[in-house]
Amino acid sequence: MRPLRLTLCNFLGHADTDLDLSGVTVAAICGPNGAGKSSLLDAVSWSLHGKSRASTADGVIREGADEAAVAHAFSHAGEVYRVTRRRVRGQKTWLTLEQQSGAEWADISEPAPTAPSVPETQRKIDAILRLPWNVFAASALAMQGDAARFTLAPPAKRREILSSVLGLDKYAELEEGVKKRQAEVKEEIAGVTAGLWQAEDAGARLPRLTADLTAAGKEVEKAAAAANEAEAALTAARDTETAAKVEAEARRGRETRLAECRERLGKKQDELARIRRDLAGAREANQRRLAKLERLLADATEPVPLLAEADAWEKAQAGVWQNLQAAQEKAAMLESSNCDSPTKQCVFLEDAQRAAGELPELQRKAGEQMPPRLVEARKAAALREKHREELAPLRLAAASGPLCEAAGRVAEEIRELEGGIGLLKAEVAAGRNAPTIAQEAEQHRRNAETAVRTAGETLAAAIRREAEAAAAHREALRLAETGPALRERLVAQQRTAEDLGVLREAYSPQGIPALITENAVGQLEQAAGEVLEHFGGTARLRLVTRRTTGDGREVEVLDVVVADAGGAERPYELWSGGERIKADLALRVGLAELLARRHGAPVEFLALDEVVAPLDQPGREAFLECVRALARWLSLILVISHSEEIAESLPWKINVDKGTVVIYGC
């Protein structure tokens, strides 16, 4: 990967920076502290991997701005790409990937082009570069104080750093996964072993459980038969109780009707006695009345002449009233006519005048009353007729009458009641034991219900025992049937446990990681030696992976030993600053070359941030000599430094001051 162009917008200290690196080979990035020099390297790592020195996601956004963006164009494997990463404060990050096609850029983000996915697009960038973040940071990017991180580390720590850079952490993860799986398999083996033991035990218990199940079935059949018999007995007892209750109720009804008949008989007997008394009194009163009337009729003479005279008087009186009415009408006509003149002669006038003259006499006669003797005669005749009318029913009552009929009717009712009472007495006498039978039937029914409950409980208990025996038999049968499969599974799990033991040993630090480390150490030693040859001189570098301690133990380390032209070896720490800087850069570039070869990504770019600050004059001269040598096979080297000597000694100078970037060709 070789950066071509960086465009920064509100990224860290840069408000608007456009840095064209397409023609730059080796450049010094200069400027005062805090001007934004290291931010250019942060822009490279953040655009490609989302990593920077900022502690938070929003930390890359320039103070006072709402969002930051970096567009980074780079070449790789003969193609030109551009990655743009943008962050909005408090929201989210956007990531797009483009590939140059002629003068145009084609969006190849994942998925493209409407809604690029940051994780998917990041995986695509990693696949193109074949430089994961840890490899990129260890090979191409040396931030402040990081150039000699490998060589200055203690020997044991160097081995740890190398393992991390080589990506051997995954073997630790694999080992942990194997350990976890071993624990799971161990637990599974214990479970299968316990299951197999249960299966064998269940197979041994099957004959007894089968016998128990058969016995329980017979017990259920016996209890069911007893329950059916108890139910039948209860049904019969209930029928008997119902019949007894019906008979007892009928007897109570007959007794009630008998009491009612006796009560009615007493009332009828009382009524008959009263009627007979009334009849005797009525007969005696009738006899007295009859005798009196007969005497009155015998003593009274019939006033026939006077009655005839009264009739004649009434007839004459009716004629008087008729004449009176006619005279009144004529007199009224006389008053309304004008024929009263004495000079006029009128037959009708004479008749009217005559009638008017008779009117006073007629009025007097009409006002006369019937003579008292005639009135008395009429009254006597009416009284006699009344006596005759009263005498007839009295004579009839003397022989028969309503009281006699009532007495006969009541006597007949009494005879009927006495007959019914006789029948009821016979029926009551015939059913005199019905209450006792009903009580006995009720007690028998209660006993039958108790027997049914007992039989039901016995049957339920037998069914439960049968169900339990069946469940135990099924479970034992199931367990016994699982035995062969469990044995096969146990054998397979034991094989798996053996395989996992081999894998765990292979993934342990003494396994594959140790082999990879030993191989990588040899390759690193060779690559670093090749770099030292480019630097000139006769110094040689050797890496020691094992050391024997004072107590005779052999421990794993990673010592850096440098030999001079005469072959004398001294530890890295005992060499001068210039020699150490050569060793640092040799190991750094050698490590980058090693990682690049492992990932199939050629080394084209190296960034060094403030690596010469602690060096003296000879050290800086040695550093420049190394950089010039590295430029023969790296297409872009960026060196951040405050040293004017370094800036003036390199072909290009990139001046950064408060976010303003200017490129000079020296």
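Residues numbered from 1 in each chain as written. Predicted model: local features only at pLDDT ≥ 70, side-chain atom pairs only at ≥ 80, totals over all residues. Heavy atoms only, no water.

Notes on helix H1 (residues 37–49)
At step 1: The terminal C-alpha atoms of H1, which comprises 13 residues, lie 19 Å apart, in line with the 18 Å expected from a rise of 1.5 Å per residue.
At step 2: With 13 of its 13 residues buried, H1 lies for the most part within the structure.
At step 3: Of the residues one or two after H1, glycine 50 is the one with positive phi, at around 70°. (Helix = DSSP H or I, 4+ residues; strand = E, 2+ residues; numbered from the N terminus. Expected span 1.5 Å × (residues − 1). Buried < 20%, exposed > 50% of the residue type's maximum accessible area, 1.4 Å probe, protein only.)

Thoughts on the packing of aromatic side chains
At step 1: Throughout the structure, instances matching the rule amount to 2 aromatic pairs.
At step 2: Aromatic pair phenylalanine 11 and tryptophan 46: ring centres 5.3 Å apart, planes at 40°, arrangement tilted. Placement of the pair is phenylalanine 11 in strand S1 (residues 2–11) and tryptophan 46 in helix H1, with a sequence separation of 35 residues.
At step 3: Above the ring of tryptophan 105, the side-chain terminus of arginine 82 is found at 4.3 Å from the ring centroid.
At step 4: Here the guanidinium or amino end of arginine 86 rests over the ring plane of tryptophan 94, the centre of that ring lying 4.3 Å away. (Phe/Tyr/Trp six-rings, centres within 6.5 Å; stacked < 30°, edge-to-face > 60°. Lys NZ or Arg CZ within 6 Å of the ring centre and 35° of its normal.)

Let's talk about the environment of alanine 406
At step 1: Secondary-structure assignment places alanine 406 in helix H10 (residues 402–430).
At step 2: For the pair alanine 406 and glutamate 271, spaced 135 residues apart in the sequence, the C-alpha separation amounts to 9.5 Å.

Overview of the side chain of arginine 85
At step 1: With respect to the secondary-structure elements, arginine 85 resides in strand S5 (residues 79–88).
At step 2: Among buried charged residues, arginine 85 stands out as having no salt bridge; its nearest opposite-charge side chain is aspartate 126, 7.4 Å away.
At step 3: Within the local environment of arginine 85, its side chain forms a polar contact with the backbone oxygen of tryptophan 46, the two atoms lying 2.7 Å apart.
At step 4: Beyond its immediate sequence surroundings of up to four residues, arginine 85 is in contact with Trp46, Ser47, Leu48, His49, Gly50, Ala68, Ala69, Val70, Thr93, Trp94, Leu95 and Gln122. (Lys, Arg positive; Asp, Glu negative; His and termini not counted. Salt bridge = Lys/Arg side-chain N within 4 Å of Asp/Glu carboxyl O. Polar contact = N/O pair within 3.5 Å; in protein donor to acceptor, adjacent residues only side chain to side chain. Contact = heavy atoms within 4.5 Å.)

A few points about the pattern of salt bridges
At step 1: Applying the stated criterion to the full structure yields 23 salt bridges.
At step 2: A salt bridge links glutamate 219 to arginine 465, with the nearest nitrogen and oxygen atoms 2.0 Å apart. Residue glutamate 219 is found in helix H6 (residues 169–299), and its partner arginine 465 is found in helix H11 (residues 434–507); the two are separated by 246 residues along the sequence.
At step 3: We note a salt bridge from aspartate 551 to arginine 553, for which the minimum N-O separation is 3.0 Å.

Examining the side chain of lysine 37
At step 1: Residue placement: lysine 37 occurs in helix H1.
At step 2: Given a relative accessible area of 6%, lysine 37 falls into the buried group.
At step 3: A polar contact is formed between the side chain of lysine 37 and the backbone oxygen of proline 32, at a distance of 2.9 Å.

Concerning the nonpolar core
At step 1: Counting 40 residues, the largest nonpolar core has Leu48, Leu638 and Ile654 as the members making the most contacts within it.
At step 2: The element contributing the most residues to this core is H1, with 6 residues.
At step 3: Contacts of leucine 48, omitting those with residues within four sequence positions, involve Met1, His72, Phe74, Val83, Arg85, Gln122, Ile125, Leu129 and Phe136. (Core = buried A, V, L, I, M, F, W, Y, C linked by side-chain atoms within 4.5 Å.)

A closer look at unusual backbone geometry
At step 1: Of note in the backbone geometry, asparagine 10 takes a positive phi value of approximately 55° without being a glycine.
At step 2: Along the chain, asparagine 10 falls in strand S1.
At step 3: Judged by relative accessible area, which is 18%, asparagine 10 ranks as buried.
At step 4: With a phi close to 55°, alanine 77 is a non-glycine residue in the positive phi region.
At step 5: Tracing the chain through its elements places alanine 77 in the loop between strand S4 (67–76) and S5.

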